[in-house]
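# Descriptive structure summary
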2 protein chains.
Amino acid sequence: MSKKATIYDIAKELKITAATVSRALNNNPKISEKTRELVQATATKLNYKQNKLALALKSGKSKNIGVVVPYINRIFFSSVIRGIEDELYPKGYHVIIAQTHDNKEKELKILQNLLNEQVDGILISSSYSNNEKHKLDYLVKKNTPFIFFDRKLNFPNISSVTLNDYQGGYDATKHLIEQGCMRIAHFLVDQELELYKNRFKGYKDALEKSGLPFLPEYVVTLKSDIEAGREAAKTIMKLPLPPDAIFSSTDYGLLGAVQYLNELSVKIPDDFCVVGFSNAPFTQFLETSISSVDQSPVEMGKTAAKVFLEQIENEQTVKICKNVVLPAKLIVRKSSGKIN
Amino acid sequence: MSKKATIYDIAKELKITAATVSRALNNNPKISEKTRELVQATATKLNYKQNKLALALKSGKSKNIGVVVPYINRIFFSSVIRGIEDELYPKGYHVIIAQTHDNKEKELKILQNLLNEQVDGILISSSYSNNEKHKLDYLVKKNTPFIFFDRKLNFPNISSVTLNDYQGGYDATKHLIEQGCMRIAHFLVDQELELYKNRFKGYKDALEKSGLPFLPEYVVTLKSDIEAGREAAKTIMKLPLPPDAIFSSTDYGLLGAVQYLNELSVKIPDDFCVVGFSNAPFTQFLETSISSVDQSPVEMGKTAAKVFLEQIENEQTVKICKNVVLPAKLIVRKSSGKIN
DNA sequence: TTGTAAGCGTTATCAT
DNA sequence: ATGATAACGCTTACAA
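Residues numbered from 1 in each chain as written. Chains lettered and ligands numbered in written order. Predicted model: local features only at pLDDT ≥ 70, side-chain atom pairs only at ≥ 80, totals over all residues. Heavy atoms only, no water.

Taking an unreviewed UniProt entry as the reference, chain A is identified by name as LacI family transcriptional regulator belonging to Maribacter caenipelagi.

## A look at the protein's contact with DNA strand C
In the vicinity of DNA strand C, 25 residues are found, and the nearest of them are A:T17, A:T20, A:R23, A:K58 and B:S22. Looking at DNA strand C alone, sugar and phosphate atoms form 62% of those within 4 Å of the protein. Between DNA strand C and B:N26, the relevant distance is 3.3 Å, taken from a phosphate oxygen to a side-chain nitrogen or oxygen of the residue. The backbone of B:A54 places a nitrogen or oxygen atom 3.5 Å from a base nitrogen of DNA strand C. Of all elements in the fold, only helix 2 (18–25) and helix 4 (52–59) of chain A together with helix 1 (7–14), helix 2 (18–25) and helix 4 (52–59) of chain B reach the threshold of two or more residues within the surface near DNA strand C. A per-class count over the surface near DNA strand C returns 10 nonpolar, nine polar and six charged. (Near = heavy atom within 4 Å. Polar contact = N/O pair within 3.5 Å; in protein donor to acceptor, adjacent residues only side chain to side chain. Helix = DSSP H or I, 4+ residues; strand = E, 2+ residues; numbered from the N terminus. Nonpolar A, V, L, I, M, F, W, Y, C, P; charged D, E, K, R; others polar.)

## Concerning the relation of the copies chain A and chain B
With an RMSD of 0.0 Å, the fit of chain A onto chain B corresponds to turning through 180 degrees and sliding 0.0 Å along the axis. A rotation of that kind, with that shift, is consistent with a two-fold axis. Among all residues of chain A, the one whose C-alpha sits closest to the rotation axis is A:I96, at a distance of 2.1 Å. The residues that chain A uses at the interface reappear at the interface of chain B in 100% of cases, marking a shared surface. (Least-squares fit on C-alpha atoms with pLDDT ≥ 70 in both. Contact = heavy atoms within 4.5 Å.)

## Considerations on the layout of surface pockets
Empty space among the atoms becomes visible once a probe the size of a water molecule is rolled across them. Each pocket or cavity is described by its volume, and for the second largest pocket that value is around 1500 Å³. Contributing to the lining of the second largest pocket are 48 residues, with A:L115, A:Q118, B:K3, B:K4 and B:N51 lying nearest its centre. Looking at which element gives the most residues to the lining of the second largest pocket, the answer is helix 4 of chain B, with four residues. Of the residues that constitute the lining of the second largest pocket, the class distribution is 22 nonpolar, 15 polar and 11 charged. (1 Å grid on protein atoms, 1.4 Å probe; cavity = no way out; pocket = protein on both sides within 12 Å on 5 of 7 lines; lining within 4 Å. Points joined across faces, edges and corners; volume = space filled by probe spheres on them.)

## Some words on the packing of aromatic side chains
If you walk through the whole model with that rule in mind, you get 24 aromatic pairs over all chains. Look at A:F200 and A:Y203: their rings are 6.1 Å apart centre to centre, the planes differ by 20 degrees, and that puts the pair in the stacked class. Taken as a pair, A:F200 and A:Y203 lie in helix 9 (residues 194–209) at a separation of three residues, close to a single helical turn. Since its relative accessible area comes to 9%, A:F200 is described here as buried. Looking at A:Y203, the relative accessible area reads 0%, which means it is buried. Seen from their ring centres, A:F285 and B:F282 are 4.9 Å apart, and the 65 degrees between their planes marks the pair as edge-to-face. (Phe/Tyr/Trp six-rings, centres within 6.5 Å; stacked < 30°, edge-to-face > 60°. Buried < 20%, exposed > 50% of the residue type's maximum accessible area, 1.4 Å probe, protein only.)

## Focus on the side chain of B:Q99
Residue and element names in this part refer to chain B. Among the structural elements, Q99 can be located in strand 2 (residues 94–99). Look at Q99 and you get buried, because its relative accessible area is 0%. At 2.9 Å, the side chain of Q99 and the backbone nitrogen of I72 are in polar contact.

## Re the interface of chain A and chain B
Taken together, the contact between chain A and chain B spans 53 residues of the former and 53 residues of the latter. Between chain A and chain B, the buried area comes to about 5200 Å², and carbon and sulfur atoms account for 56% of it. Per-residue buried area on chain A facing chain B is highest for A:L53, A:Y89 and A:F285; these three make up 14% of the total on that side. Where chain A meets chain B, there are zero salt bridges. Scanning the region where chain A abuts chain B turns up 18 residue pairs in polar contact (both at pLDDT 80 or more). Breaking the side of chain A that touches chain B down by element, the ones donating at least two residues are helix 4, helix 5 (75–88), strand 2 (94–99), helix 6 (104–116) and helix 11 (251–263) of chain A. The residue makeup of the side of chain A that touches chain B, split by class, is 22 nonpolar, 18 polar and 13 charged. (Buried area = accessible area lost by both parts, 1.4 Å probe. Salt bridge = Lys/Arg side-chain N within 4 Å of Asp/Glu carboxyl O.)

## Comments concerning the domain arrangement of chain A
The domain boundaries assigned to chain A delineate domain 1 (7–50), domain 2 (62–163 + 297–327) and domain 3 (165–295 + 330–336). With centres defined by C-alpha atoms, the gap from domain 1 of chain A to domain 2 of chain A works out at 38 Å. (Domains from an automatic or database assignment.)

## Some points on the sheet that holds strand 12 (residues 329–331) of chain A
All names here are of chain A. One open sheet holds the six strands; their spatial order is 7-6-8-9-10-12, and the pairing between them is mixed. Edge strands, defined here as strands with exactly one partner in the open sheet, are strand 7 (219–221) and strand 12. Strand-to-strand twist of the sheet, defined as the mean angle between neighbouring strand axes without regard to direction, takes the value 20 degrees. Taken together, the three bridges between strand 8 (residues 245–248) and strand 9 (residues 273–278) define a ladder with parallel strand orientation. Each bridged residue has a counterpart across the sheet, and for A245 the counterpart in strand 9 is C273. Contacting strand 6 (184–188), strand 8, strand 9, strand 10 (291–294) and strand 12, helix 8 (residues 165–178) runs over the sheet at an angle of about 165 degrees to strand 9. Here helix 9 sits on the sheet and contacts strand 6, strand 7, strand 8 and strand 9; the angle it forms with strand 6, its principal contact strand, is near 170 degrees. (Pairing = 2+ DSSP bridges. Axes fitted to C-alpha atoms, helices over the stretch in contact; angles between N-to-C directions.)

## Here's the deal with the sheet that holds strand 9 (residues 273–278) of chain B
Residues and elements named next belong to chain B. Taken in spatial order, the six strands make up an open sheet running 7-6-8-9-10-12, and their pairing is mixed. Only two strands of the sheet have a single partner each, and these edge strands are strand 7 (219–221) and strand 12 (329–331). Adjacent strand axes in the sheet meet at a mean angle of 20 degrees, parallel and antiparallel pairs treated alike. Both strand 6 (residues 184–188) and strand 7 contribute to a ladder of three bridges, which runs parallel. Looking across to strand 7, one finds that F187 is bridged to V220. Along the sheet face, helix 10 (residues 226–237) touches strand 6, strand 7 and strand 8 (245–248) and points at about 145 degrees away from the line of strand 6. Set on the sheet, helix 11 (residues 251–263) makes contact with strand 6, strand 8, strand 9 and strand 10 (291–294); between it and strand 9 the angle comes to about 155 degrees.

Listed below in structure tokens is the structure:
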């Protein structure tokens, strides 16, 4: 395989200069038809392909953007990335992905690396909480546009695309109340993260609005996995007055709870209703399908990409900052379908 | 935000030359301790960060690799990518992802683009079948290493990492036979793709080995989704002598079939056994959990990454080509657990 | 319309 | 041990 052809090779072949070749290739108006055709012909003949690296170095734009997530194989994140790539590929951008494994130091390094790679923007779902966000301060202050999605950090003048988690929590709880549930428990994942706090707040406000008491013992903090959910269910079912419903911020945790309730022969939805969060694929496939709040991840990715594009296009003129909040969509299934 | 600092800024500050700065930064042995320290100090002071783009142009190595898949949000592919990124990030590589949407022309363009971007390698699960692989001929012949994973194309001297689909099909079928099933149907997805053919072949060989007849009417070709699976089940259950088991190349198709069988009140596993392929997450969460063949996607990704690294490291000396075949792992669950 | 030359930020090859 | 210079492949004033 011979070396890759450059514009110099084309130039030499035609006994003209590289500048002319460049212009011809870029359809510069002030170039004769003849040379343009000649150049393009020899370009294909020599199988010339533009070296984007050189272009990037020259222009200062790499046409690469970085997407940073905890784990790429979580369905929520891979769906967001799907949306981002679908939106950005037609605009000539390449998507570089990196996983933080929810490790803060690693996240910092990744961001540094991406910036060194001269990415044109960074879309990130951060592992940091708002308490420690100052550690990222010097990064977001650089020229490279940052866009936070889902897990947002509150920096002034930084764009974000998030779900209306509060509304999701509110709707889910209200729905359970409408089903006649009176003692609704809540599975809370992580007080540190804004989005879980917001779902929790939605839950509390829905209770209050309906005149139901908020009972701290009905709130369990747990990891987002099946085993933890099972344990959480054990805990609340041991209470003197056990709940008759769960609104869970995690589908996986909820699944564990449902499994435990099944073992106790608690009938869902007749005696106990549950609603999850995330609309994980499995929720709809269970015999007793699980109601859940959908996060429209693909849409979120597309939106984040659009916000990025807007920001880039207006770079010179005004610095745009946009904070988009997407609606949460409660999907009612059998697990909370007492009435209908 | 001031412009990014370059080695020239450091040089100017210290009244030395950029070459010296470069050497100091790269820990070149022939540099005095003093200058090294001085340089490193001013580097941090000016918040200097190496521009990887310039380095890439100079060295001809971008430290980027391209990963090309049909859809990034399919759990199998996102898991493979997870493995790839986990393996390659510590080696200083960035992973660029691109989705073909199973569109062959798009795949071609993507590959062309990635090559223009000067990626150091391409890991791909191709949409092409071996019949049309010649269209990619001129691409794989370039200097950039190609590695096929899962969906492999048979090019001479091109590496690949695949699953032993034949063995997966064989084991699944054999297992069903051992459960006492006598009339095993097969859900086949796409005759064009090698891997489905191999699973099918494993199925046939297992039947033959056990002296069971191969009946063409027990083989249904279908799309990989629930509705198609439901239809397929309808078809085979209408046969004069309906089967008593299904080995399906698709978990989703199988789920549709299971749903239909439930409606017919066919008892699984007592009267009917099923085994799927892919070990989709939902298979283990169903009340009647579904047996399936696991593909170890994360492992596959890691392996593909390792093959790439090996190939790059020995670039100068020998051209390495490796064809790794990973074992398929049958996971037995309730849906085929008659005996135990 | 085309050529000349500088520059993007590095590193490598000469010298000194 | 350090400096000068060229080179990677491209674009773009400025000249002609």
